[in-house]
Amino acid sequence: MQLRRPLVHTALDVAMLSMMMAVEMGYDEQKLYNVGLGAFLHDIGKLLVPKSILEKPGDLSEIEAACVRQHCELGKSSLQGFNFPKDITDIVLQHHERLDGSGYPDGLKDNEISFDAKIVMIADTFDILTSYLPCKKPDNISTAFIKLKVEKEKYSQELISVLGSLLVF
């Protein structure tokens, strides 16, 4: 099974893009802080996944892919005890969910996914598409945007439009 595992993909890129989208939507200072921090921490669970799996070129075995998919739950559990607001831990847990229920870890659908996690899921996916990966070259910005826009069942088109306004599409 092939699972995209970015090497150069950074939490800072996702946080900045998420915050830019949130500013465009008129978030107040506290909500903007929560989105930014949640986006910055979104992949913290990957610190608990073996590097040999994260950096493996090519396809992963089913066991390796399952290990990578655990990073959302590992991330949320690693933040327990720090008293982060639920907005932040929802982002960490839900950033790989998809509107049609095809995501992970819980297969949540549309309104079951926090709005802030929907912002970060788009920023994260856009960043993955435009980053160098062991298995592919990066897409250019317009190609990555089109790939997100075509997946209407997976991503909020309202939020895709916000991203497009930032990218001047």
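Cut-offs applied
Residues numbered from 1 in each chain as written. Predicted model: local features only at pLDDT ≥ 70, side-chain atom pairs only at ≥ 80, totals over all residues. Heavy atoms only, no water. Core = buried A, V, L, I, M, F, W, Y, C linked by side-chain atoms within 4.5 Å. Buried < 20%, exposed > 50% of the residue type's maximum accessible area, 1.4 Å probe, protein only. Helix = DSSP H or I, 4+ residues; strand = E, 2+ residues; numbered from the N terminus. Contact = heavy atoms within 4.5 Å. Patch = residues over 30% accessible without salt bridge, like charges linked within 9 Å, V, L, I, M, F, W, Y side chains within 5 Å. Areas by Shrake-Rupley, 256 points an atom, 1.4 Å probe, with all protein chains shown as cover. Salt bridge = Lys/Arg side-chain N within 4 Å of Asp/Glu carboxyl O. Axes fitted to C-alpha atoms, helices over the stretch in contact; angles between N-to-C directions. Parallel < 35°, antiparallel > 145°, perpendicular 65-115°, else oblique. Left-handed = near helix turned anticlockwise from the far one by under 90°. Nonpolar A, V, L, I, M, F, W, Y, C, P; charged D, E, K, R; others polar. Phe/Tyr/Trp six-rings, centres within 6.5 Å; stacked < 30°, edge-to-face > 60°. Lys NZ or Arg CZ within 6 Å of the ring centre and 35° of its normal. Expected span 1.5 Å × (residues − 1). Arc of directions from axis to C-beta.

A few words now on the nonpolar core. Met21, Ile122, Phe126, Leu148 and Leu163 are the most contacted members of the largest nonpolar core, which has 29 residues in total. Secondary-structure elements contributing two or more residues to this core are helix 1 (11-24), helix 2 (29-41), helix 7 (115-129), helix 8 (141-150) and helix 9 (157-167). Tallying contributions element by element places helix 7 first for this core, with eight residues. Sequence-distant contacts of Phe126, that is, excluding residues within four places in its chain, are made with Leu17, Ile141, Ala144, Phe145, Leu148, Leu163 and Leu167. Listed in part, the seven residues of the second largest apolar core include Val49, Ile53, Leu60 and Ala65.

A few words on unusual backbone geometry. Backbone phi values are negative for most residues with the exception of glycine, while trans is the configuration of most peptide bonds. That bond from Tyr104 to Pro105 is cis: its omega, 15 degrees, falls within 30 degrees of zero. Inspection of the secondary structure puts Pro105 in the loop between helix 6 (86-94) and helix 7.

Let's shift gears to a nonpolar patch on the surface. Together, Leu12, Met16 and Phe40 line one region of the surface with nonpolar side chains, adding up to about 300 Å² of accessible area. Within the element layout of this structure, Met16 appears in helix 1. For Met16, a relative accessible area of 44% puts it in the partly exposed group.

Next up on the list: the packing of helix 7 against helix 8. When two helices pack together, their arrangement is given by the angle between the helix axes and the distance between those axes. Relative to each other, helix 7 and helix 8 sit at 135 degrees, their axes nearing to 9 Å. One way to sum up the angle between helix 7 and helix 8 is to call them oblique. For the pair helix 7 and helix 8, the sense of crossing is right-handed. Counting all contacts with helix 7, which are made through Ile122, Thr125, Phe126 and Leu129, the residues of helix 8 involved are Ile141, Ala144, Phe145, Lys147 and Leu148. Looking at the contact of helix 7 with helix 8 residue by residue, the classes come out as seven nonpolar, one polar and one charged.

Right, let's get into the packing of aromatic side chains. Summed over the entire model, instances satisfying the criterion amount to one aromatic pair. Taking the centre distance of 6.1 Å and the plane angle of 35 degrees together, the rings of Phe82 and Phe84 count as tilted. Assessed through its relative accessible area of 55%, Phe82 is described here as exposed. Here the basic side chain of Lys31 rests over the ring of Tyr27, its NZ or CZ set 4.7 Å away from the ring centre.

This paragraph deals with helix 1. Over its 14 residues, helix 1 extends 20 Å from the first C-alpha to the last, a length consistent with the 20 Å expected when each residue adds 1.5 Å. Burial in helix 1 covers these residues: Val14, Ala15, Leu17, Ser18, Met21 and Ala22. Buried-residue contacts for helix 1 involve helix 2, helix 7 and helix 9. Looking one or two residues beyond helix 1, the residue adopting positive phi is Gly26, at roughly 80 degrees.

Let's shift gears to helix 5 (residues 71-79). Among all positions in helix 5, only His71, Cys72, Gly75 and Leu79 are buried. Burial along helix 5 is one-sided: seen end-on, the buried residues are contained in an arc of 105 degrees. As for helix 5, its buried residues are in contact with helix 2, helix 4 (62-69) and helix 6. Following helix 5 by one or two positions, Gly81 adopts a phi angle in the positive range, close to 95 degrees.

Once that is clear, we can look at the side chain of Ser114. Within the secondary structure layout, Ser114 lies in the loop between helix 6 and helix 7. In this view, Ser114 contacts Asp90 and Gln94; residues no more than four positions away in its chain are not counted.

Our focus in this paragraph is the environment of Pro57. With respect to the helices and strands, Pro57 occurs in the loop between helix 3 (51-54) and helix 4. Residue classification places Pro57 among the exposed residues on the basis of a relative accessible area of 59%. Residues Pro57 and Tyr33 lie 24 residues apart in sequence; the distance between their C-alpha atoms is 35 Å.

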